[in-house]
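Here is how the chains run, residue by residue.
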Amino acid sequence: MNNEEETTKFIEACTTQLVSLYNASKEGKNVDADKHRVQGFMHAGELLGVISKGEGQALIAELHLQVFGETIDDRAKRKSKLEALKASDPDAYIEIPAIERR
(Lines give C-alpha, C1' and ligand atoms only; values in the text may rest on other atoms or scores of the structure.)
Protein backbone atom coordinates (compact mmCIF):
# COMPACT_ATOMS: atom_id res chain seq x y z
CA MET A 1 0.00 0.00 0.00
CA ASN A 2 1.41 3.39 -0.87
CA ASN A 3 1.50 6.41 1.39
CA GLU A 4 -1.46 8.10 -0.31
CA GLU A 5 -3.65 5.01 0.18
CA GLU A 6 -2.60 4.76 3.84
CA THR A 7 -3.43 8.41 4.41
CA THR A 8 -6.82 8.06 2.72
CA LYS A 9 -7.73 4.98 4.78
CA PHE A 10 -6.53 6.62 7.96
CA ILE A 11 -8.53 9.81 7.33
CA GLU A 12 -11.63 7.71 6.56
CA ALA A 13 -11.18 5.84 9.87
CA CYS A 14 -10.70 9.12 11.75
CA THR A 15 -13.77 10.59 10.06
CA THR A 16 -15.92 7.61 11.03
CA GLN A 17 -14.73 7.72 14.64
CA LEU A 18 -15.11 11.49 14.99
CA VAL A 19 -18.58 11.62 13.46
CA SER A 20 -19.68 8.80 15.75
CA LEU A 21 -18.16 10.58 18.76
CA TYR A 22 -19.78 13.91 17.90
CA ASN A 23 -23.19 12.34 17.23
CA ALA A 24 -23.08 10.51 20.58
CA SER A 25 -22.08 13.76 22.31
CA LYS A 26 -24.89 15.58 20.55
CA GLU A 27 -27.31 12.97 21.92
CA GLY A 28 -26.07 13.73 25.44
CA LYS A 29 -24.12 10.51 25.94
CA ASN A 30 -20.91 10.33 27.97
CA VAL A 31 -18.16 10.15 25.36
CA ASP A 32 -15.04 10.52 27.51
CA ALA A 33 -13.67 7.04 26.79
CA ASP A 34 -14.38 7.34 23.06
CA LYS A 35 -12.81 10.79 22.98
CA HIS A 36 -9.57 9.48 24.48
CA ARG A 37 -9.55 6.53 22.09
CA VAL A 38 -9.93 8.79 19.04
CA GLN A 39 -7.24 11.14 20.37
CA GLY A 40 -4.88 8.21 20.80
CA PHE A 41 -5.68 6.88 17.35
CA MET A 42 -4.98 10.23 15.74
CA HIS A 43 -1.81 10.71 17.77
CA ALA A 44 -0.58 7.31 16.57
CA GLY A 45 -1.22 8.41 12.99
CA GLU A 46 0.84 11.54 13.63
CA LEU A 47 3.72 9.52 15.09
CA LEU A 48 3.66 7.16 12.12
CA GLY A 49 3.68 10.08 9.72
CA VAL A 50 0.36 9.16 8.14
CA ILE A 51 -1.23 12.50 9.03
CA SER A 52 0.15 15.77 10.34
CA LYS A 53 -1.06 17.46 13.50
CA GLY A 54 -2.44 20.32 11.40
CA GLU A 55 -4.35 17.94 9.14
CA GLY A 56 -5.81 16.23 12.19
CA GLN A 57 -6.87 19.53 13.73
CA ALA A 58 -8.45 20.64 10.45
CA LEU A 59 -10.39 17.37 10.21
CA ILE A 60 -11.61 17.74 13.80
CA ALA A 61 -12.74 21.33 13.17
CA GLU A 62 -14.44 20.47 9.87
CA LEU A 63 -16.37 17.51 11.27
CA HIS A 64 -17.34 19.40 14.43
CA LEU A 65 -18.83 22.17 12.31
CA GLN A 66 -20.59 19.59 10.12
CA VAL A 67 -22.18 17.71 13.06
CA PHE A 68 -22.88 20.54 15.50
CA GLY A 69 -23.38 23.40 13.05
CA GLU A 70 -20.96 25.60 15.00
CA THR A 71 -17.22 25.84 15.52
CA ILE A 72 -15.52 24.29 18.53
CA ASP A 73 -14.83 27.77 19.97
CA ASP A 74 -18.38 28.98 19.39
CA ARG A 75 -19.82 25.88 21.07
CA ALA A 76 -17.47 26.23 24.04
CA LYS A 77 -18.46 29.90 24.47
CA ARG A 78 -22.16 29.08 24.24
CA LYS A 79 -21.86 26.27 26.80
CA SER A 80 -19.84 28.52 29.10
CA LYS A 81 -22.56 31.17 28.97
CA LEU A 82 -25.18 28.52 29.74
CA GLU A 83 -23.18 27.31 32.76
CA ALA A 84 -22.86 30.91 34.01
CA LEU A 85 -26.60 31.41 33.57
CA LYS A 86 -27.28 28.14 35.38
CA ALA A 87 -25.22 29.35 38.34
CA SER A 88 -26.61 32.89 38.43
CA ASP A 89 -30.26 32.35 37.47
CA PRO A 90 -31.36 28.69 37.53
CA ASP A 91 -34.95 29.61 36.62
CA ALA A 92 -33.88 31.38 33.43
CA TYR A 93 -31.64 28.41 32.60
CA ILE A 94 -34.52 25.95 33.01
CA GLU A 95 -36.73 28.10 30.76
CA ILE A 96 -34.36 27.39 27.85
CA PRO A 97 -35.53 24.19 26.10
CA ALA A 98 -33.28 21.24 26.96
CA ILE A 99 -32.51 20.60 23.29
CA GLU A 100 -31.00 24.09 23.05
CA ARG A 101 -28.85 23.59 26.17
CA ARG A 102 -26.84 20.73 24.61
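Anyway, here's the lowdown on the structure attached to this text.

What counts, and where the lines are drawn
Residues numbered from 1 in each chain as written. Predicted model: local features only at pLDDT ≥ 70, side-chain atom pairs only at ≥ 80, totals over all residues. Heavy atoms only, no water. Phe/Tyr/Trp six-rings, centres within 6.5 Å; stacked < 30°, edge-to-face > 60°. Helix = DSSP H or I, 4+ residues; strand = E, 2+ residues; numbered from the N terminus. Buried < 20%, exposed > 50% of the residue type's maximum accessible area, 1.4 Å probe, protein only. Lys NZ or Arg CZ within 6 Å of the ring centre and 35° of its normal.

1. A word on the packing of aromatic side chains
Then step 1. Taken as a whole and assessed by the stated rule, the structure comprises two aromatic pairs.
Then step 2. Plain terms: the ring middles of Phe-10 and Phe-41 are 4.8 Å apart, the flat faces sit at 15° to each other, and that makes the pair stacked. A residue pair is termed long-range when its members are at least 10 positions apart, and Phe-10 in helix 1 (residues 3-26) and Phe-41 in helix 2 (residues 32-47) qualify at 31 residues.
Then step 3. For Phe-10, a relative accessible area of 12% corresponds to the buried category.
Then step 4. Looking at Phe-41, the relative accessible area reads 28%, which means it is partly exposed.
Then step 5. Its guanidinium or amino end placed over the ring of Phe-68, Arg-75 lies 4.0 Å from that ring's centre, counting from NZ or CZ.

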